[in-house]
Amino acid sequence: MRELSEQELVRRGKLDEIRKVTNPYPENYERTHTLKEAKILDDGTADVKIAGRIVFMRKMGKLSFAKIRDIECDMQLEIKVDTIGEEAYDFFKKQIDTGDFVGAEGEIFTTQTGEKTLRVHVLTFLGKALRPLPEKFHGLTDTEIKYRQRYVDLITNEEARKVFLGRSKLYAFLHSYLAKNGFLEVETPILQTAVSGASARPFFTHHNALDQDCNLRIAPETYLKQCIAGGFDRVYELAKCFRNEGMDTQHLQEFTQVEWYVAYWRYEDNIKFFTKFVQDLLMELTGSMTVEYQGKTIDFGGKEWARIDYCKELENVLGFDCLSIEDAEELKTKIVEKGLFTYGDLTEYKSVSQIIDFIYKKKIRENIINPTIIYNYPAKLKPLARRCDEDKRRVDVFQVVVCGTELCNAYSELVNPIEQREAFEDQLKAKAEGDEETMDLDETYLMAMEQGMPPISGLGFGIDRIIMLIYNQESVRDVVLFPLMKPEN
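Residues numbered from 1 in each chain as written. Predicted model: local features only at pLDDT ≥ 70, side-chain atom pairs only at ≥ 80, totals over all residues. Heavy atoms only, no water.

**Q** Got a sec to walk through the environment of E419? Specific residues and values, please.
**A** Following the sequence through the fold, E419 ends up in helix 14 (residues 417-432). A sequence separation of 33 residues divides E419 from R386, and the C-alpha atoms of the two residues are 9.0 Å apart. With residues up to four places along the chain from it excluded, the contact list for E419 reads R387, K392 and L414. (Helix = DSSP H or I, 4+ residues; strand = E, 2+ residues; numbered from the N terminus. Contact = heavy atoms within 4.5 Å.)

As structure tokens, then:
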């Protein structure tokens, strides 16, 4: 057992004293108002009952002040010996610490400094904090505490409360917005038997009861499109996904994304819908179409965002058309001859699709600031997307890129089962070349396709990244309540 600090020992002593008077952890407390609701009440409103954690106290002779907090709001309490009585006032001064929970009943008034305050008539003890709150956060050690003890971060950090309240409001807005537009929410399996839905390295596990290996979902795509085949016209899922890849400020192995699919749409319909969705979301959360992110002002306004043709821009960068090249080594040679990268830069990329994606990320994507629609992708990169009628080497795909990062990924979906099988077979070839981020040949999904599918357009976007942009957070860990961390030494 760890050694207790002096403050912790004092608080445990107070806990023993509180037990002599009342239960230090009572069953409940019936509030009449949340703190947010109480702060807009008229002065003179009586019999108001609020509750929260004490985050500040100024104890004086016969008049004290305290501030209590919940996730949305703070409120000041005025505590006078003449109002609550000598015994209760003495209990408050001797036994109550910052971090403790209290309930307060009384009358609303406004102080001379303009602060809405509750004049307490009855103070009820609701919970003892055996650990003191930290004074402040600073430096690496405190960053570790912030991620490992998010509850402390929420108590002490107004910015953290803003971010995670915003995340919850985003979820509420998402469900409401999609429902108003005719979407139905469904759930698809997290444990799966084929790696499909995105190009990524999966997590694997073993199902003991069925005695078979499974992978954790990397995307819900193929199951959601099976719902379209079954008759859903508009379907979506708020999905936990898992990709066993590197960690950085933009990526965690466990993340949350939204995917929606619409029968009879093409990707241009999704461009219009997503543009309006993001703009309405920003107005709901911030009241503005512009956000500040890492020193840059990003403007999401306007009827249409800028566009870049992926294949055309890639050809401009390379100086040649790479879509006809099938051999990875040939493509590397041509890139090195152009002086764009060295062989060393390209060593870890085993397939043509990986090399193309690397060039795009380094030479095109990272230079984009304001929301830009990247469209007309090479087919090798998107095995689940519909091939262009004019050129089968390209697919009807778009992504929205902001500040060098992809905000969403959307297709006109491939619904031709013959072409889909060929695309899966190409993925198997890439896997044989050493590409570990390829899909399996998913016979279950192909069976659904062979049953027949209408035209479909689908879109997916990560909750974490959009929250990072809206609330100007540098790391994905700052927008995930409980990110996975290495064990402490």
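**Q** So what's going on with the sheet that holds strand 15 (residues 372-378)? Residues and values would help.
**A** Whether parallel or antiparallel, the strands of a sheet pair through hydrogen bonds between backbone atoms. Spatial ordering of the open sheet is given by 6-10-11-18-17-16-15-14, a layout of eight strands whose pairing is mixed. Looking at which strands have only one partner, the edges of the open sheet turn out to be strand 6 (184-185) and strand 14 (306-309). Direction of pairing for strand 15 relative to strand 16 (residues 394-402): antiparallel, over a ladder of six bridges. Along strand 16, the bridge assignment pairs Y377 with V395. The sheet strands contacting helix 8 (residues 221-230) are strand 10 (234-242), strand 11 (254-263), strand 17 (405-412) and strand 18 (456-462), and the helix crosses strand 11 at an angle near 25 degrees. Contacts from helix 10 (residues 310-318) reach strand 14, strand 15 and strand 16 within the one sheet, and its direction differs from that of strand 15 by about 80 degrees. (Pairing = 2+ DSSP bridges. Axes fitted to C-alpha atoms, helices over the stretch in contact; angles between N-to-C directions.)

**Q** Please provide a residue-by-residue account of a nonpolar patch on the surface, values included.
**A** A cluster of nonpolar side chains, contributed by Y151, L481 and F482, occupies part of the molecular surface with about 340 Å² of accessible area. Counting through the fold element by element, F482 comes out in the segment after helix 16 (463-470). (Patch = residues over 30% accessible without salt bridge, like charges linked within 9 Å, V, L, I, M, F, W, Y side chains within 5 Å. Areas by Shrake-Rupley, 256 points an atom, 1.4 Å probe, with all protein chains shown as cover. Salt bridge = Lys/Arg side-chain N within 4 Å of Asp/Glu carboxyl O.)

**Q** So what's going on with the packing of aromatic side chains? Residues and values would help.
**A** One pass over the full model with this rule turns up 23 aromatic pairs. Pairing Y177 with F277 gives two aromatic rings, centres 5.3 Å apart and planes at 75 degrees, and the pair type is edge-to-face. Of this pair, Y177 sits in helix 7 (residues 158-180) while F277 sits in helix 9 (residues 267-285), and the two are 100 residues apart along the sequence. Residue placement shows K59 over the ring face of F92; its charged tip is 5.4 Å from the ring centre. Sitting over the ring of F341, K363 keeps its end group 5.1 Å from the ring centre. (Phe/Tyr/Trp six-rings, centres within 6.5 Å; stacked < 30°, edge-to-face > 60°. Lys NZ or Arg CZ within 6 Å of the ring centre and 35° of its normal.)

**Q** Which residues make up the sheet that holds strand 4 (residues 101-110), and what values go with them?
**A** The strand order around the closed barrel formed by five strands is 1-2-3-5-4, and the pairing between neighbours is mixed. Each strand axis lies, on average, 55 degrees off the axis of its neighbour in the sheet, ignoring direction.

**Q** Can you lay out helix 1 (residues 6-21) for me, pointing to particular residues and giving the numbers?
**A** Counted at 1.5 Å a residue, the expected span for helix 1 with its 16 residues is 22 Å, and the 24 Å between its end C-alpha atoms agrees. Buried within helix 1 are the following residues: E8, R11, K14, L15 and I18. The arc enclosing the buried residues of helix 1, seen along the axis, measures out at 115 degrees, which places them on a common side. Along helix 1, exposed side chains directed more than 90 degrees from the buried face belong to E6, L9 and K20. (Expected span 1.5 Å × (residues − 1). Buried < 20%, exposed > 50% of the residue type's maximum accessible area, 1.4 Å probe, protein only. Arc of directions from axis to C-beta.)

**Q** Explain the packing of helix 7 against helix 16 to me, and be specific about the residues and the numbers.
**A** Where helix 7 contacts helix 16, the two axes come as close as 11 Å, and the packing angle between them is 125 degrees. Classified by the interaxial angle, the pair formed by helix 7 and helix 16 is oblique. Helix 7 and helix 16 meet at a crossing whose hand is right-handed. Note on element contacts: helix 16 touches helix 7 through I463, D464, I466 and I467, opposite V163, G166, R167, L170 and Y171. (Parallel < 35°, antiparallel > 145°, perpendicular 65-115°, else oblique. Left-handed = near helix turned anticlockwise from the far one by under 90°.)

**Q** Mind laying out the pairing of strand 16, listing which residues take part and the relevant values?
**A** The buried fraction of strand 16 amounts to nine of the nine residues, a majority that puts the element mostly inside the structure. Burial along strand 16 is two-sided: the residues R394, D396, F398, V400 and V402 and V395, V397, Q399 and V401 are all buried. As judged from the six bridges shared by strand 16 and strand 17, these two strands associate in the antiparallel manner. Looking at strand 17, one finds that V402 is bridged to T405.

**Q** I'd love a proper account of the packing of helix 10 against helix 13 (residues 352-363), names of residues and values included.
**A** The description of two packed helices rests on the angle between their axes and on the distance between the axes. Closest axis-to-axis distance for the helix 10/helix 13 pair is 11 Å, and the angle between their directions is 80 degrees. Comparing the axis directions of helix 10 and helix 13 gives the class roughly perpendicular. Taking contact as the criterion, the partners of Y310, L314, V317 and L318 in helix 10 are, on helix 13, I356, D357, I359, Y360 and K363. Of the residues that constitute the contact of helix 10 with helix 13, the class distribution is seven nonpolar, no polar and two charged. (Nonpolar A, V, L, I, M, F, W, Y, C, P; charged D, E, K, R; others polar.)

**Q** Kindly report on the side chain of D396, identifying the contributing residues and their values.
**A** Considering the arrangement of structural elements, one finds D396 in strand 16. Here D396 falls in the buried class, since its relative accessible area comes to 13%. Not counting residues within four places of it along the chain, the set of residues in contact with D396 comprises Y267, R386, R387, C388, A410, Y411 and S412.

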